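# Fold and contact review
Here is what each chain is made of, one letter per residue.
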Amino acid sequence: MDSLKIEKQDTTPLLDFNLDKMEFILEGECRPENGLVFFEPVISWLDVFIDFAGSVELGKKLEFHFKLEYYNSSSAKFIFNIFKRLKSLNSKGIQLSVLWFYDVLDEDLLESGKEYEKILGLKFHFLALQN
Amino acid sequence: MFFYVKGFVLRLMRSIDSQFAYDTHQMMDLKSVRLSFSGEFTSDLVSVLLLLAKNNVGGRSVMKKVYNVMIESLENLIKHAFFHNEDSFPAIFILGKDEAFYYLATGNKIENKKISELQKRLEKVNHMNRIDLVKWYNSILMSDQSLNSTNGAGLGIIDMAIKSNNKFEYGFHKIDENHSFFTLKIKIESEI
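Residues numbered from 1 in each chain as written. Chains lettered and ligands numbered in written order. Predicted model: local features only at pLDDT ≥ 70, side-chain atom pairs only at ≥ 80, totals over all residues. Heavy atoms only, no water.

## Looking at the interface of chain A and chain B
Test applied: Residue contacts follow a heavy-atom distance rule, with two residues in contact if any of their heavy atoms lie within 4.5 Å. Buried surface area refers to the total accessible area, computed with a probe of radius 1.4 Å, that the two partners give up upon joining, counted for both partners together. By definition here, a salt bridge exists when the distance from a side-chain nitrogen of Lys or Arg to a carboxyl oxygen of Asp or Glu is within 4 Å. Pairs of N or O atoms are called polar contacts if they sit within 3.5 Å, as long as, within protein, a hydrogen donor faces a hydrogen acceptor (for residues adjacent in sequence, only side-chain-to-side-chain pairs). In this text, helices come from DSSP runs of H or I with a minimum length of four residues, and strands from runs of E with a minimum of two, each type numbered from the N-terminal end. In this count, Pro and Cys sit with the nonpolar residues alongside Ala, Val, Leu, Ile, Met, Phe, Trp and Tyr, while Asp, Glu, Lys and Arg are called charged and the others, Gly among them, polar.
The interface of chain A with chain B comprises 28 residues on the first partner and 33 residues on the second. Buried surface at the junction of chain A and chain B, both sides included, amounts to about 2,800 Å², of which 51% is carbon and sulfur. Area buried by chain A at its contact with chain B is led by Tyr 70, Ser 73 and Lys 77 of chain A, which between them contribute 24% of it. Remark: the boundary between chain A and chain B carries 6 salt bridges. A salt bridge links Arg 60 of chain B to Asp 103 of chain A, with the nearest nitrogen and oxygen atoms 2.7 Å apart. Joining chain A to chain B, the criterion identifies 17 residue pairs in polar contact (both at pLDDT 80 or more). If you list the elements that add at least two residues to the side of chain A that touches chain B, you get strand S4 (61-71), helix H2 (73-87) and helix H3 (107-120) of chain A. The biggest single contributor to the side of chain A that touches chain B is H2 of chain A, with 7 residues. Of the residues assigned to the side of chain A that touches chain B, the class counts are 11 nonpolar, 7 polar and 10 charged.

Here's what the structure looks like:
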């Protein structure tokens, strides 16, 4: 199985899901006009990855670096679904740690992270960026 | 009312005289308009407006909020433009500032038959406190509703209410039997 990398564009973020490092990064702004076009291939890739994770030798730890500065409301549900899938890795013996980065002056982004944490029942590490 | 009149005038007056430019300028000055656009909204235009707004809003904290709400409101204008392609009635976006608030105002043409549902939703949002809005938002996020929705599953309007932390002001101005001009004003405290 190959890693998944999508370069940053005007309205979509850098997505770098690297299987060698077992490090997933989502970074930049995410405001695609149609969330489905951007996220559907990502969700499909994750579904394959989750099947794969149980059967083949992979690192036992996965770090997810959530570094979106902004995401629009049509991305929110997809992001929730990405987290939901990653959460299911626990049952495959892979330990997930989520690093939620936010601008220290962006209270809304911190609050959104705390809400995701709560409704997903996951523990996030919050990292304030000073700039 | 001004929005509607402006759109109407733009439509009917092909030749714009200098008095018109002066009046518009005075009106925008009076209302402390920082940024505005009237016409057809496209995603390229939205990127430009967002860039301009970044340089027009002081303070990173409030800028983040304005920026977030602005994206959602501009996306609504694009979506609307798409549905009325055959009929290019101009939409409008305004970013302004008064003593205590930044405000974002939008106007776009809608079908009268969609008014009651929209009005219900806006009223529901306006009557909720922040905690209930967040709960509502989360329940939509977690619902099994399919992912194929391009309208953000109705999250946009709730998201704007949570971030603005103020009540929406809105109005419907009749254009003809089947259409109205919908105006929405969202306020954000300029000192956070």
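## Brief notes about H2 of chain A
Put simply, the test is: To estimate the expected span of a helix, count its residues, drop one, and scale the result by 1.5 Å. With a 1.4 Å probe rolled over the protein chains alone, any residue whose accessible area is under 20% of its type maximum counts as buried; one over 50% counts as exposed, and the rest are partly exposed.
Between the first and last C-alpha of H2 of chain A there are 22 Å, a value that for 15 residues agrees with the 21 Å anticipated at 1.5 Å per step. Most of H2 of chain A sits out of view: 13 of its 15 residues are buried.

## A look at the packing of aromatic side chains
Rules: Pairing of aromatic rings covers Phe, Tyr and Trp, the last counted by its six-membered ring, and requires centre-to-centre distances within 6.5 Å; plane angles under 30 degrees mean stacked, over 60 mean edge-to-face, and any other angle means tilted.
Enumeration according to the criterion identifies 25 aromatic pairs over all chains in this entry. A centroid spacing of 5.4 Å and a plane angle of 65° characterise the contact between Phe 64 of chain A and Phe 83 of chain A, whose relative ring orientation is edge-to-face. Residue Phe 64 of chain A is found in strand S4, and its partner Phe 83 of chain A is found in helix H2; the two are separated by 19 residues along the sequence. Aromatic side chains Tyr 70 of chain A and Tyr 67 of chain B sit 6.2 Å apart centroid to centroid with 85° between the ring planes, which places their arrangement in the edge-to-face category. Linking Tyr 70 of chain A in strand S4 with Tyr 67 of chain B in helix H4 (residues 60-83), this pair reaches from one chain into another. For the pair formed by Tyr 70 of chain A and Tyr 67 of chain B, the shared burial category is buried.

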